[in-house]
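Analysis of the macromolecular model
The primary structure of each chain is shown beneath.
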Amino acid sequence: MNIAGTLPVTVSHLSSTPKTVGEESIKPVVRNVAVDAYRGLVMLLMMGEVMRFADTYAAHPGNLFWRILAYNQTHVEWAGMSLHDMIQPSFTFLVGVALPYSIASRTRKGQTFGRQLGHALWRSLLLVFLGIFLRSIGRPITYFTFEDTLSQIGLGYTFAFLLYFCRPRIQWIAFASILFVYWLAWALYPAPASSFDYATVGVPSDWHHNFTGFASHWNKNSNFGNAFDVWFLNLFPRESRFAFNRGGYLTLSFVPTLGTMLLGLIAGRWYRESPERVPLKKFLFAGVGLAVLGLVLHFTGICPIVKRIWTPAWTLWSGGMCFFFLAAFAWVIDIKGFRRWAFPLVVVGLNSMAAYLIAHLCEEFILSSLHTNLGVAPFRILGPGYELFLIGVAVMLIYWLMLFWMYRNKIFVRI
């Protein structure tokens, strides 16, 4: 399975002429290498946290190279974006890209709408509970939380599946409606008063990222989404009463996250509608339009760009970035024909669910094994300041070799 519930993405470059069921069943299918490579890059960025760029920069303060790497391997505190902040939007976007291919494949195999809907519901539930399972590792009881990437996608996946069967105009209307209604709910919820004690919701006194004026509706842990979670999450058994999420993450972020998934669905539909020609202009126009609109909302104070709470402006801005990434991979791989370089990415992208689980479940085991069997000397060859980085590189290499072994043996984790 590909990340967060997607099926392997395939695209035909033979003909756009409609086929009968019999013809579809024998039509050769070619992998969409651009999408696989993009997915592989996203997974490598996620797994790459183990290389600890921030720690290497701390050991070399003032080094611009490591400063740039460290910044782009961490989430921004609140408003703005780093490369690391594009991981989850890209996950979600690629789920949408894969959806038209998944549905077409199942339809070609004779599956009814009812059966496909049942599978979509099952996939949604499995993703939600898998996210809860991963967040519960190391805790004394099940940790019911829904801000994990898999849970967020699972909560919106069935809705995206149903919207696939609507006309393109309805899909765009649904996208705009989701963002507007979500924005309105936050805008109507009372903004924190000037005397609000942010320390009561886990915001330290030296926090310098709070907005003023109308944009304060989107301040950390004093917003509509946090109020919902204080009610909702306390319906579940907990070690202690939920009051706030330290990172500011929210259950309701799945709503605008669905908007990101719809953008991917639209991109996937464009791909399928032009099997002989990459819709590069559409990707670029969509990217520019979405990014500009997101910036306008941010700088006018109507809605800030904040990834942690997935504001509508963030949906627009990050959605534009996703279209740019997809356009870049499509231009290099599909149009220019440069494919061999992408093989390491494709190995990961073809087995992205396995990559996700490996990164979450195997890191500590691999690290302890390296220390037990090799000690620290091999990783201090460049000095102690590079020790954590070199250990991370070794872990990343092991990750990739595990996925390469699975690739060679045609073992793919699917839902």
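Here the structure is shown first, and the text comes after it.
Notes on the structure follow. Note that the structure is predicted; figures quoted are calculated from it, not measured. (Residues numbered from 1 in each chain as written. Predicted model: local features only at pLDDT ≥ 70, side-chain atom pairs only at ≥ 80, totals over all residues. Heavy atoms only, no water.)

1. Focus on the packing of aromatic side chains
- Evaluation of the coordinates by the stated rule reveals 40 aromatic pairs.
- Residues W66 and F389 carry aromatic rings whose centres are separated by 5.1 Å and whose planes lie at 75° to one another, so their mutual orientation is edge-to-face. Here the residue W66 occupies a position in helix α4 (residues 64-71), and F389 occupies one in helix α16 (residues 387-408), the gap between them amounting to 323 residues. Accessibility classification places W66 together with F389 in one group, the buried group.
- Note on F91 and Y356: the rings are 6.1 Å apart at their centroids and 65° apart in plane angle, and the pair reads as edge-to-face. Of the two residues, F91 is situated in helix α5 (residues 87-108) and Y356 in helix α14 (residues 352-361); the sequence distance between them amounts to 265 residues. Each member of the pair, F91 as well as Y356, carries the same accessibility label: buried.
- Ring pairs connect the aromatic residues F180, Y182, W183, W186, Y189, F214, W218 and F224, which therefore count as one cluster. (Phe/Tyr/Trp six-rings, centres within 6.5 Å; stacked < 30°, edge-to-face > 60°. Helix = DSSP H or I, 4+ residues; strand = E, 2+ residues; numbered from the N terminus. Buried < 20%, exposed > 50% of the residue type's maximum accessible area, 1.4 Å probe, protein only.)

2. Things to note about the nonpolar core
- Judged by nonpolar contacts, the single largest core of 112 residues is most densely connected at M47, F93, Y271, F283, F323 and L403.
- With twelve residues, helix α12 (residues 312-335) is the single largest residue contributor to this core.
- In this structure, F283 is in contact with A267, W270, Y271, V278, F323, L326 and A327, ignoring residues within four places of it in sequence.
- Listed in part, the seven residues of the second largest apolar core include V128, I132, F146 and F232. (Core = buried A, V, L, I, M, F, W, Y, C linked by side-chain atoms within 4.5 Å. Contact = heavy atoms within 4.5 Å.)

3. Quick look at α16
- A rise of 1.5 Å per residue sets the reference length of α16, with its 22 residues, at 32 Å; its end C-alpha atoms lie 32 Å apart and thus fit the reference within 8%.
- Among the residues of α16, those classed as buried are E387, F389, L390, I391, G392, A394, V395, M396, Y399, L403 and M406.
- Considering only its buried residues, α16 is in contact with α2 (33-47), α3 (53-59), α4, α13 (343-349), α14 and α15 (363-374).
- Positive phi appears at K410, one or two residues downstream of α16, with a value of about 55°. (Expected span 1.5 Å × (residues − 1).)

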